[in-house]
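So you can see what is in the structure, the chains are spelled out below.
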Amino acid sequence: MSKKQIQIFDTTLRDGEQVPGCKLAKEPKLKLAKRLEELGVDVIEAGFPISSPGDFEAVMSIGSMISQDVVVCGLSRAVEADIKCAAEALSTAKRPRIHTGLGTSDSHVFDKLRTTKERVIERARKSVLYAKSFVEDVEFYAEDAGRTDNVYLAQVIQAVVDAGATVLNIPDTTGYCLPSEYGEKIKYLVEHVKGIDNCTISTHCHNDLGMATANSIAGVINGATQIECTMNGIGERAGNCSLEEVVMVLKHRLSDKFVTGVNTPLLYPLSREVCEEMGVVVQANKAIVGDNAFAHSSGIHQDGVIKERSTYEIIDPKEVGVNSSQIVLTARSGRAALAYRFKNIGHNLTKRELDIAYSDFLTLADQKKEVIDEDLHFILQNLKAEVA
Ligand code: KIV
Ligand code: ZN
């Protein structure tokens, strides 16, 4: 069976960058766009051109810098001035895409837009037609599709498919769906929208209930072939689907069916660069790129990993650009870990030496959060004195 190529649409520079504190100046934004191209993403959402002159300029510069291997996308609301502005900002791009849309859930239609469902369909259709007057590649987003009734959502999507949309973005804007519901939604659209097989269906899942990655995967299993995501999962509120997670899920668990173009050893270095440029840290227990993602601290786990890495690691850290697994020494560590760490600093302890060192180690470890190499040298000095 041939594998389906899943397009990775990175929105670190748009949905990610709109997070308070993550705003980027033009130069760092360009630098990260270049890195994303090197990483092998298929689409870079470079910004929201009408939002500020700075963002307009950044989208223009990214468009002229990025090669034709990557689509450069600009966001707009379903408003003519936005769409025209996005088209102008994208005029330098070799492969431009306008991303336009509006809310489709009852909450968005009635409370935010204060309009009717019929008018939303008409506005969606006209926006796509207008965007098509500038570029061939037009992506439509049905904001809050996650909470939109499937029958109505299919009517909106049918209207934009008929108007020529090339990509159909089905955002779970509020991170509301269960994976089974989100998968069902994609399946429903596949089965009920005529001509949808000529379009790319895209996921765009937020993480309010911690299900963004699971929902994106459910979308792909049910027919989506593009995933919108960000490095480190940054984005509005609890963030977006995390690029590194979704890519590694596809690579490790679904590689018989799907493939991406992402060069995975660049994931960790890019994650750190995004942290540095945006001034935000990644939580230590973050999957794939967190400080503890490949660190082992309990004696039982350490013993297993030292004997055979795969006992407690499903990914080789090198595969995502992390040098090696880490054996962290804490009061929960065992003799195997202590011997291993002594060996790493050039000391092969005998059984008797290890027994003595382990007792000193536990005393120290109960006082400290982590025992480091410097402490091991100190333990070693005591050991020499005791053994002598
Ligand atoms: O979350 C969302 O719905 C969005 C759209 C603008 C695509 O970010
Ligand atoms: Zn979003």
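Quick caveat: nothing in here was measured; it's all calculated off a predicted structure.

Focus: the packing of helix H14 (residues 351–367) against helix H15 (residues 373–387)
A pair of packed helices can be characterised by two numbers: the angle between their axes and the separation between those axes.
Then comes step 1: Contact geometry of H14 with H15 gives a least axis separation of 10 Å together with a crossing angle of 130°. The orientation of H14 with respect to H15, classified from their angle, is oblique. The handedness of the crossing between H14 and H15 is right-handed. The segment H14 lies against H15, with Arg 352, Glu 353, Ile 356, Ala 357, Asp 360, Phe 361 and Leu 364 engaging Asp 375, Ile 379, Asn 382, Leu 383, Glu 386 and Val 387.

So, the pairing of strand E3 (residues 43–47)
Then comes step 1: Within E3, five of the five residues are buried, which leaves the element mostly enclosed by the surrounding structure.
Then comes step 2: Where strand E2 (residues 7–10) and E3 come together, two bridges link them in parallel fashion. Its bridge partner lying in E3, Asp 10 is registered against Ile 44.
Then comes step 3: The pairing of E3 with strand E4 (residues 71–77) spans four bridges and is parallel. Bridge pairing links Val 43 to Val 71 in E4.
Then comes step 4: Remark: the E3/helix H3 (residues 53–65)/E4 crossover connection has right-handed handedness.

Some remarks on the domain arrangement of the chain
Then comes step 1: The assigned domain composition of the chain is domain 1 (4–266 + 273–278) and domain 2 (295–387).
Then comes step 2: Here the C-alpha centroids of domain 1 and domain 2 sit 45 Å apart.
Then comes step 3: With five residues of domain 1 in contact, the opposing surface of domain 2 contributes six residues.
Then comes step 4: Across the domain 1/domain 2 interface, buried area totals approximately 460 Å², and carbon plus sulfur atoms make up 52% of it.
Then comes step 5: The largest per-residue losses of area from domain 1 upon contact with domain 2 belong to Met 248, His 252 and Pro 265, which jointly make up 74% of the total buried on that side.
Then comes step 6: The tally of links between domain 1 and domain 2 comes to one salt bridge.
Then comes step 7: Residue Glu 319 is joined to Lys 251 by a salt bridge in which the shortest nitrogen-to-oxygen separation is 3.0 Å.
Then comes step 8: Applying the counting criterion to the domain 1 and domain 2 interface returns four residue pairs in polar contact (both at pLDDT 80 or more).
Then comes step 9: Looking at the side of domain 1 that touches domain 2 residue by residue, the classes come out as two nonpolar, two polar and one charged.

Procedures and definitions
- Residues numbered from 1 in each chain as written.
- Chains lettered and ligands numbered in written order.
- Predicted model: local features only at pLDDT ≥ 70, side-chain atom pairs only at ≥ 80, totals over all residues.
- Heavy atoms only, no water.
- Axes fitted to C-alpha atoms, helices over the stretch in contact; angles between N-to-C directions.
- Helix = DSSP H or I, 4+ residues; strand = E, 2+ residues; numbered from the N terminus.
- Parallel < 35°, antiparallel > 145°, perpendicular 65-115°, else oblique.
- Left-handed = near helix turned anticlockwise from the far one by under 90°.
- Contact = heavy atoms within 4.5 Å.
- Buried < 20%, exposed > 50% of the residue type's maximum accessible area, 1.4 Å probe, protein only.
- Pairing = 2+ DSSP bridges.
- Right-handed = clockwise from strand over helix to strand, strands pointing away.
- Domains from an automatic or database assignment.
- Buried area = accessible area lost by both parts, 1.4 Å probe.
- Salt bridge = Lys/Arg side-chain N within 4 Å of Asp/Glu carboxyl O.
- Polar contact = N/O pair within 3.5 Å; in protein donor to acceptor, adjacent residues only side chain to side chain.
- Nonpolar A, V, L, I, M, F, W, Y, C, P; charged D, E, K, R; others polar.

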